[in-house]
Amino acid sequence: MKKIPVPAACPKTPLNWLFIAIIASASGGCSLWDPLTEQSEPARITSLSAESTKSSPAKRLAKLSDSGKINPLPPEQVGYYMDVQYANLQQKLSRDDIDLSLQNSKITMIIPGTNTFDVNSTSVNKDAQSALTAIAGVLAEYDRTIVTVAGHTDNQGETDYNQGLSEQRALAIGEYLSQRGITPTRLVIQCFGQNRPIADNNIAKGRAENRRVELVIEPVVARQSSS
Amino acid sequence: MLARRDKIFFGILAVTVLGALALSVLLGWYIWRESVMTEEQRLQQLSQRLGEETEHAIIDARNLLETLNEQATDPCNAAHLAMMQDVAVARPYIRAIGYWRAAERLCGAGFIQGVSFTPPKASRIYDSGEIAWWPSEATEVGGVQLFLMRFGHHDVVIDPRLLLNVDLLEGQMAGLWVEKLPMITTPSNAIFPPLESLKQGMTVNQSTEQMISRFSLGTLLPIDIVAIQPMSEFWKRYLPTLITAAILALLLIPLWVFAVVRYSRQHLSLAAELRDAITRNKLRVNYQPIVDMSDGRCLGAESLARWTRDNGEVVGPDIFIPIAEEAGLATDLARAMLQGILRELGDLLKQCPDLSINLNLSAQDFQTDRLFVHLETELKTAGLATSAIKLEITERALVDSDTARQQIRTLRQQGHLVAIDDFGTGYSSLSYLESFELDALKIDKSFVDAIENQAVTSSVIVHVIEMAKSLKLDIIAEGVECDHQVDWLLSQGVRLGQGYLFSRPLTAHQFIDFHQKYS
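Definitions and limits used
- Residues numbered from 1 in each chain as written.
- Chains lettered and ligands numbered in written order.
- Predicted model: local features only at pLDDT ≥ 70, side-chain atom pairs only at ≥ 80, totals over all residues.
- Heavy atoms only, no water.
- Contact = heavy atoms within 4.5 Å.
- Buried area = accessible area lost by both parts, 1.4 Å probe.
- Polar contact = N/O pair within 3.5 Å; in protein donor to acceptor, adjacent residues only side chain to side chain.
- Helix = DSSP H or I, 4+ residues; strand = E, 2+ residues; numbered from the N terminus.
- Expected span 1.5 Å × (residues − 1).
- Bend = angle between axes of the 7 residues up to and from the residue.
- Pairing = 2+ DSSP bridges.
- Axes fitted to C-alpha atoms, helices over the stretch in contact; angles between N-to-C directions.
- Buried < 20%, exposed > 50% of the residue type's maximum accessible area, 1.4 Å probe, protein only.
- Phe/Tyr/Trp six-rings, centres within 6.5 Å; stacked < 30°, edge-to-face > 60°.
- Patch = residues over 30% accessible without salt bridge, like charges linked within 9 Å, V, L, I, M, F, W, Y side chains within 5 Å.
- Areas by Shrake-Rupley, 256 points an atom, 1.4 Å probe, with all protein chains shown as cover.
- Salt bridge = Lys/Arg side-chain N within 4 Å of Asp/Glu carboxyl O.

## A closer look at the interface of chain B and chain A
In many analyses, interface size is given as the accessible surface area lost on bringing the parts together. Counting residues at the interface gives 21 residues for chain B, matched by 15 residues for chain A. Counting the surface lost from both chain B and chain A, the interface buries some 1500 Å², and carbon and sulfur atoms represent 55% of this. By the criterion of area lost to chain A, the three top residues of chain B are Ala102(B), Ala103(B) and Ile125(B), representing 30% of everything that side buries. Joining chain B to chain A, the criterion identifies 6 residue pairs in polar contact (both at pLDDT 80 or more). Mapped by element, the contributors of at least two residues to the side of chain B that touches chain A are β1 (94-101), β4 (131-133) and β7 (147-151) of chain B.

What follows is the structure in structure tokens.
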């Protein structure tokens, strides 16, 4: 298999990973393909791919609220729904290194790369699996949301490599969640490589914080009828 | 005279009124303080109790939710419904319990059926996953705003009115805050100042005539209880105490007035009687001989005033001298004494020029030169030398030093001898005494008493003697009562003494005899 640079496959603008994967496999030129074929069940990916779209989260949300695939929330219930879901996540998350926050009816979870992936690895380790199982349980109950999984790295090493690593890690988590019953329709995979640091890359602690996967949970809200 | 009497009268009146006023104020202050403290304590205990009940209810509800989460294996079946019903009925403040999936209430139990509260904004989300909505319009049913808590799949609806036991508060305005958020007020439309603006404990707001108390509990949840009552309520509650206080005041004030009147009348009448005794020459003079202790010769005497009232009661000088000074009679007293001495012993003094009689002066005598003018003219009339009358001045009289110093100098220039009396009992220092021109120093009886025997002696008396010597003053020991005191004093070079060892105070006749015997 030939190694070609990632950018074409995973640009800065969010794209669905499965879409990319299909394109990549068709063209036979995406580095992304390797870990997936090695560590995931191809059948599963095929089933997920059928549900996937090319949209950004915003477009996906708009589309989903009309599609009937997800029962959209009436606007007046959004606050309650997200508050309760957030509290439920608080209750179920035993790992305190996962940063959980709720803002503007959006729940953000920052899962540090450390303790989740081994160095340079893209497979979710045992410790992280139990946390992700708990998260998947809550996401399954609160199924009127979409979940964006975004991978990030520090600035060490090749930009392209980092881009690929972030993508693979986001994919790994997305894959894990879908295995735990989260329908792929609700999942959006994004990869940012080293482009969106949240801490100082010049120090070890900052780099550790930058190596992360972010999960953003957004409600699917019914469009306000004119009545 | 009238002016003085008026002054005294108004003085007494002022003391009476001020005393009564002070008494009332003190009593009033004390009762007020006691009542406020009692009230504060009462409210604190009440708040503590209400706070604990509230905290217990919230913790209990939380634990209840946890138990229900654990036991609802097959939610909404008959057993689950019965369990929810049981726990709800067992707690008066629980209005409903619900089982939820996400934002959908699937089943539940309690008084308010079929109502699913989904308030848009949680008041608190705890790290352990509890989520709570404080009473608001979003949780209102039948005009009552309810408190909502959800944990996992269950929620509980609490009626906060039942957390604030109104019976205990006896109709006061009260408010309950949990986590600094308002939970309930009674009456429900009561308006409270912002919690942050209230001080801990009880404060009295004079402008609104309200008593505001705030007590906080902070064991597990921060809980604040605020109670507001009008001052009139407070007064009503403590009316019996106030009545008791008023009765006490009514009893005490006449008692005080009576005491003042009685004291002042006694004092005034004694002063008036003393004035009368002085003007009518009814004071007697006694003479305490002063002897040379080495040979027993009588060299003179200290004159002492004696007063026997008309009813035969003997009043001691320790009582009537201060009365005389207070009533401004000291100089009159000294003058009467002088006249008595000259009348009784004038002849003897003329025959024996070496003999001298000591006259005690008070601080008042130095305020004017009235006494000294008399002294000069009367000695001249009697044909006596100025050395016949020695003047004794107490240390206290020397304090107002500048005028006294000038007058003492004048008196000495005229030929009087000046002795300082009761030496050692005041605050004189050597340097201070040095600034006066003096002739003799009388050692106070208390120092002489301290001479136990020749071996053991007070060090103070040694210093006093040394001081007198260095100032070149004659020394007279007062209150000599034992032979060993004489021996010791003589060994220290003190020759002159007076006391019961030599003689008691004598009348003029007795003194003339005594002098004849020891001259």
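## As for helix α7 (residues 330-351) of chain B
Over its 22 residues, α7(B) extends 30 Å from the first C-alpha to the last, a length consistent with the 32 Å expected when each residue adds 1.5 Å. A maximum bend of about 70° is found in α7(B) at Leu345(B).

## Digging into the sheet that holds strand β13 (residues 223-230) of chain B
Residues and elements named next belong to chain B. Overall, antiparallel pairing links the 5 strands, which are arranged β10-β9-β13-β12-β11 in an open sheet. Edge positions in the open sheet fall to β10 (181-186) and β11 (201-205), since each of these has one partner strand only. For this sheet, the mean angle separating the axes of adjacent strands, direction not counted, is 15°. Inspection of the sheet shows β11 paired to strand β12 (residues 210-217) by 5 bridges, in the antiparallel sense. Directly across from Met202, in β12, lies its bridge partner Ser213.

## Description of helix α7 (residues 159-179) of chain A
Residues and elements named next belong to chain A. For α7, spanning 21 residues, the distance from its first C-alpha to its last is 30 Å, which sits close to the expected 30 Å at 1.5 Å a residue. A large share of α7 lies buried, amounting to 17 of its 21 residues. A positive phi of about 100° marks Gly181, the residue just after α7.

## Notes on the packing of aromatic side chains
According to the stated counting rule, one finds 13 aromatic pairs over all chains in the structure shown. Ring centres of Tyr80(A) and Trp100(B) lie 5.3 Å apart, and the angle between their planes is 40°; on these two criteria the pair is classed as tilted. With Tyr80(A) in helix α5 (residues 78-92) and Trp100(B) in strand β1, the pair connects residues from two separate chains. Through successive ring pairs, a cluster of aromatic residues spans Trp32(B), Phe234(B), Trp235(B) and Tyr238(B).

## Some details on a nonpolar patch on the surface
On the surface, a cluster of nonpolar side chains totalling about 410 Å² of accessible area is made up of Phe9(B), Phe10(B), Leu13(B) and Val17(B). Tracing the backbone through its elements, the reader meets Leu13(B) in helix α1 (residues 2-71).

## Regarding the pairing of strand β14 (residues 284-292) of chain B
Residues and elements named next belong to chain B. In terms of burial, β14 is a largely internal element, 8 of the 9 residues being buried. In terms of strand pairing, β14 meets strand β15 (residues 298-308) through 8 bridges, oriented antiparallel. Within β15, the position partnered with Ile290 by the bridge is Gly300. In this antiparallel pair of consecutive strands, β14 and β15, the connection spans 5 residues, and Gly296 shows a positive phi of 80°. Relative to strand β22 (residues 496-497), β14 is paired through 2 bridges, and the arrangement is antiparallel.

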